[in-house]
Structures are given as structure tokens and as C-alpha cells.
Number of protein chains: 2
Amino acid sequence: MESAAQLFHEQGVHRTSLAEVAERAEVPLGNIYYYFKTKEELLGAVLERRITEVRETLDSFEQKRTPQARLKALPQQWNAMSELVVRYGCPLGGLSFELGKCPGNLEGKPEALFGPVIDWAEAQFRQLGRRDARDLAFSLLARIQGAALLAQSFRDPGILAREGRQIDRWIDGLR
Amino acid sequence: MESAAQLFHEQGVHRTSLAEVAERAEVPLGNIYYYFKTKEELLGAVLERRITEVRETLDSFEQKRTPQARLKALPQQWNAMSELVVRYGCPLGGLSFELGKCPGNLEGKPEALFGPVIDWAEAQFRQLGRRDARDLAFSLLARIQGAALLAQSFRDPGILAREGRQIDRWIDGLR
DNA sequence: GTCTATAAGATGATAGAC
DNA sequence: GTCTATCATCTTATAGAC
């Protein structure tokens, strides 16, 4: 699963063959099928893993004292992995994008990836007294995801850093 | 090329076989290879098409009188095709994302897609007297691309519409 | 230029020995 | 549970008739 998660991020789900996953995991190809009946099932497992990661990250922000500090921690999270983002794009955004296209049993999953982030950010903005908290939550995540895509396109982590600073200023200026 | 552009957008480049392109274009498979030596060459042609489209769209904004009006026309452009965006994501963002991952001769092309948009937006912000015009240009495009991804993920064109309105307010509040 | 047939290789998936 | 061998299918690309 770790190998699959990495390769799906690096190359995309469809460009990644199970042979490659097996090779990186240093197991024979046939072995994979003992644990996952199909490639789609492996993808589903990787997805669940990512969703859990997201929840854990959001939970870790709760130790920050103010809503502003918690909100600023979100773009900071992408900044911390800007090298990966520049090379392969955002792991969440990439999965979401691919799943949004291909039909199948994982149809509703992109929502499961971003939904928790939106709900969490909405709660923070609401603590700031904003009635348009949900709109602001979408704005915040949109800016991060967009900045990640541009950083990848231009191969420039500075884009992510600068957009992070713009977001900081925006959050400080709210109320 | 039209069929390829459509299918690359709908399914992604790698999930699309040349047989599918041929079928939609109602030509035999072998015929494609008379015009394009490889699939990558066809992709390159589709890319050039997209780049031309972008330039034409930006040119069409020049008839608007104020920089504010021109800038607001940009998110409006995505809003106008929100149905397509919700189903298959942003055509530019999708191409950029896929190209950013797979190595090859089309390495530098994502920049060729978004670069003109950034330069154009930077010029508009500069006409508004902003010294941080380039940062604002990245912010604007990031918000649009991010909103497109979220609209696709949540299957909700309203996300694109609401983020458009937020951007309008932001642009009006500048200076 | 257009079309059919097919080669060459990759890929998802399975069978069955150990 | 693990591993090898292999099937069936799909995909890029080419050869060659028309």
C-alpha cells in the first residue's frame, strides 16, 4: 500500500502498473492479488489511507490556540512538502482529479477526501464570527490547491510559499 | 485533433487509446499515424491548440475598458463552461497536471499553457498600480484553478460561481 | 491519402505448485 | 500465505494493399 500510494502520486493511478507496485514493494506480482482482488480495490485502500492522514493532520492543528493560527497551519502543511508538490503535484488534488474523471465504484470518493478539510475550515471561520464561513473554507482550499497546481506547472516552490503569505495576510485581515 | 482534445479532457491522456480517438473521429486507426508519428506527437498538437485558444480568449478580453473588468472576465470564462469543468475538470489544469508528471519531450509545456495567462493578469494588475502584480496574478489563477478542482470533486458548479463572486469582490476592493 | 491486418509488447488478472 | 508461470486482452505502432 505504501508503494502504491507513492507510485499513484508520482505517476498517476493509470500510468502505474501493478508490476511496478510489486517491484517497489519487493514482492512478487501475484502476491498483490492475495490482498487486493483488483487494482481498483488497491486504489480504494490507498484512498482510505489518505483520508485517514487528512483527519490526523487536521486533528494535530487543534493544539493551536486561535482560529487564525489553526487556519494558517493549513497552507503551511502544503508548504512543508513543497518539494513533493513541485515534482508530482498535490497528492490529494491528484487523486481527486483522477477519481473525478474515471467512473466506477469510487465515484463519491473525491468528496470524502476534501470534505473533512472543508468542514474543518468552515468551523474555524465560524469561530471567527463569519457567517460566510463555508464560502471562505472553499476559497481557502481552492487557493491552496490552485497554488499547488501552479507550483507544479512552473516547477517553482516559491509560488506555493508566496501564495501562503498572501493567505496569511488575508486571514489576518478578516473580521 | 478535435476528438483527441475532447477525449484527453474527458478521460485524461493516458486513459485514452488511439483506437478511441479514431472511433470518435470516425476514421480508421491506421489513419492517425499518417498525420502523427506517435501518440505523444498528437498530444503535442492538442497542446498547441489549447495554447492558441488561451491566447485568443485573452485577446478577446481587450475590448473591456477597465483592468478590473478585464480581470473579472477571467473567472467568468470558467464559469461559462462550469458544466464541463464539473464533469471533467479544467481542460488546462488537467493537461498541465498530467504533463507535469510524465517526463518526455513535452516537459516544459505546462508553463506554456499557464504562462500567457499569468503574464496577461500581471499586466492588468500593474495597470491598477499594484507593485505586487505578479503575485496577484498567481493568486487569481490559483483561485480559479483550485475552484475548478473543488467544483469537479464535489460535482457542484456553485463552487465555481461562488468563488467567482468572491474574486469579483476582491478585485473591486483592490487599490 | 485511406484503409485493413497484424506485429510487438505491456497489463490486469488467474491457476496452481510450494 | 508466497511465488512462478501464464492467459486474455488491450495498446502503440507498422506493413502493405488499394
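The preceding data block contains the structure.
About the thresholds
Residues numbered from 1 in each chain as written. Chains lettered and ligands numbered in written order. Predicted model: local features only at pLDDT ≥ 70, side-chain atom pairs only at ≥ 80, totals over all residues. Heavy atoms only, no water. Near = heavy atom within 4 Å. Polar contact = N/O pair within 3.5 Å; in protein donor to acceptor, adjacent residues only side chain to side chain. Contact = heavy atoms within 4.5 Å. Buried area = accessible area lost by both parts, 1.4 Å probe. Salt bridge = Lys/Arg side-chain N within 4 Å of Asp/Glu carboxyl O. Helix = DSSP H or I, 4+ residues; strand = E, 2+ residues; numbered from the N terminus. Least-squares fit on C-alpha atoms with pLDDT ≥ 70 in both. Axes fitted to C-alpha atoms, helices over the stretch in contact; angles between N-to-C directions. Parallel < 35°, antiparallel > 145°, perpendicular 65-115°, else oblique. Left-handed = near helix turned anticlockwise from the far one by under 90°. Nonpolar A, V, L, I, M, F, W, Y, C, P; charged D, E, K, R; others polar. Core = buried A, V, L, I, M, F, W, Y, C linked by side-chain atoms within 4.5 Å. Buried < 20%, exposed > 50% of the residue type's maximum accessible area, 1.4 Å probe, protein only. Expected span 1.5 Å × (residues − 1).

Visitor: How do you make sense of the protein's contact with DNA strand C when you look at a structure like this?
Guide: Near DNA strand C lie 13 residues; those nearest to it are Leu18(A), Tyr33(A), Lys39(A), Pro28(B) and Tyr35(B). When the atoms of DNA strand C within 4 Å of the protein are sorted by group, sugar and phosphate make up 78%. Contacts to DNA strand C include Tyr33(A), whose side-chain N or O atom sits 3.4 Å from a base nitrogen. Measuring from a phosphate oxygen of DNA strand C, one finds a backbone N or O atom of Lys39(A) at 2.8 Å.

Visitor: What is the right way to look at the interface of chain B and chain A in this model?
Guide: Interfaces are often sized by the accessible area lost when the parts come together. The partner chain A presents 43 residues to the 43 residues of chain B that form the contact. Here chain B meets chain A over a buried area of about 3,600 Å², counting both sides, of which 61% is carbon and sulfur. Three residues, Phe97(B), Lys101(B) and Phe154(B), lead the burial of chain B against chain A; their summed loss comes to 18% of the area buried on that side. Where chain B touches chain A, the interface holds four salt bridges. Arg155(A) is the salt-bridge partner of Glu107(B), the closest N and O atoms lying 3.6 Å from each other. Of all elements in the fold, only α1 (2–11), α6 (82–88), α7 (91–101), α8 (109–127), α9 (133–154) and α10 (157–173) of chain B reach the threshold of two or more residues within the side of chain B that touches chain A. For the side of chain B that touches chain A, the leading source of residues is α9(B), giving 15 residues.

Visitor: Where do I start with the relation of the copies chain B and chain A in this structure?
Guide: One copy of the chain maps onto the second through a rotation around an axis plus a translation along that axis. Aligned on chain A, chain B shows an RMSD of 0.0 Å; the corresponding rotation is 180° and the shift along the axis is 0.0 Å. Within this description, the copies of the chain are treated as partners about a two-fold rotation axis. For chain B, the minimum C-alpha distance to the rotation axis belongs to Gly146(B) and amounts to 2.0 Å. When the interface residues of chain B are mapped onto chain A, 100% of them are again interface residues, pointing to one common binding face.

Visitor: Which parts of the structure should I look at to understand the side chain of Glu122(B)?
Guide: Residues and elements named next belong to chain B. Within the secondary structure, Glu122 is located in helix α8. Polar contacts involving the side chain of Glu122 include one to the side chain of Arg126, which spans 2.6 Å. Discounting chain neighbours no more than four positions away, the residues touching Glu122 are Ala133, Arg134 and Ala137.

Visitor: Could you clarify how one ought to interpret the packing of helix α9 (residues 133–154) of chain A against α9(B) in this entry?
Guide: In a packed pair of helices, the relevant descriptors are the angle between the two axes and the axis-to-axis distance. The N-to-C vectors of α9(A) and α9(B) enclose an angle of 110°; their axes lie 6 Å apart at closest approach. Compared by their axis directions, α9(A) and α9(B) come out roughly perpendicular. Regarding α9(A) and α9(B), the two cross each other, and that crossing is right-handed. From α9(A), Phe138(A), Ser139(A), Leu141(A), Ala142(A), Arg143(A), Gln145(A), Gly146(A), Ala147(A), Leu149(A), Leu150(A) and Phe154(A) reach across to α9(B), where they touch Phe138(B), Ser139(B), Leu141(B), Ala142(B), Arg143(B), Gln145(B), Gly146(B), Ala147(B), Leu149(B), Leu150(B) and Phe154(B).

Visitor: Whenever I open this one, the protein's contact with DNA strand D confuses me. Can you help?
Guide: Taken together, 13 residues sit near DNA strand D, with Pro28(A), Tyr35(A), Leu18(B), Tyr33(B) and Lys39(B) positioned nearest. Counted by atom, the contact set of DNA strand D within 4 Å of the protein is 77% sugar and phosphate. With respect to DNA strand D, the side chain of Tyr34(A) contributes an N or O atom lying 3.2 Å from a phosphate oxygen. Only α3 (29–35) of chain A together with α3 (29–35) of chain B provide two or more residues apiece to the surface near DNA strand D. Looking at the surface near DNA strand D residue by residue, the class counts come to six nonpolar, five polar and two charged.

Visitor: Hey, could you run me through the nonpolar core in this one?
Guide: In a soluble, globular protein the nonpolar side chains are often hidden away together inside. Residues Leu74(A), Trp78(A), Phe125(A), Leu74(B) and Phe125(B) are the most contacted members of the largest nonpolar core, which totals 116 residues. Phe125(A) has contacts with Leu71(A), Arg130(A), Ala133(A), Leu136(A), Ala137(A), Leu140(A), Trp170(A) and Leu174(A), leaving out every residue within four places of it along the chain.

Visitor: Would you take a moment to explain helix α10 (residues 157–173) of chain A for this structure?
Guide: Here α10(A) spans 25 Å end to end across 17 residues, near enough to the 24 Å set by a 1.5 Å rise per residue. Within the span of α10(A), buried status applies to Gly158(A), Ile159(A), Leu160(A), Glu163(A), Gly164(A), Gln166(A), Ile167(A) and Ile171(A). Contacts from the buried residues of α10(A) go to α5 (67–80), α6 (82–88) and α9 of chain A together with α9 of chain B. Measuring from the side-chain oxygen of the N-cap residue of α10(A) to the backbone nitrogen of Gly158(A) gives 2.7 Å; that N-cap residue is Asp156(A). Backbone geometry just after α10(A) places Arg175(A) at a positive phi near 105°.

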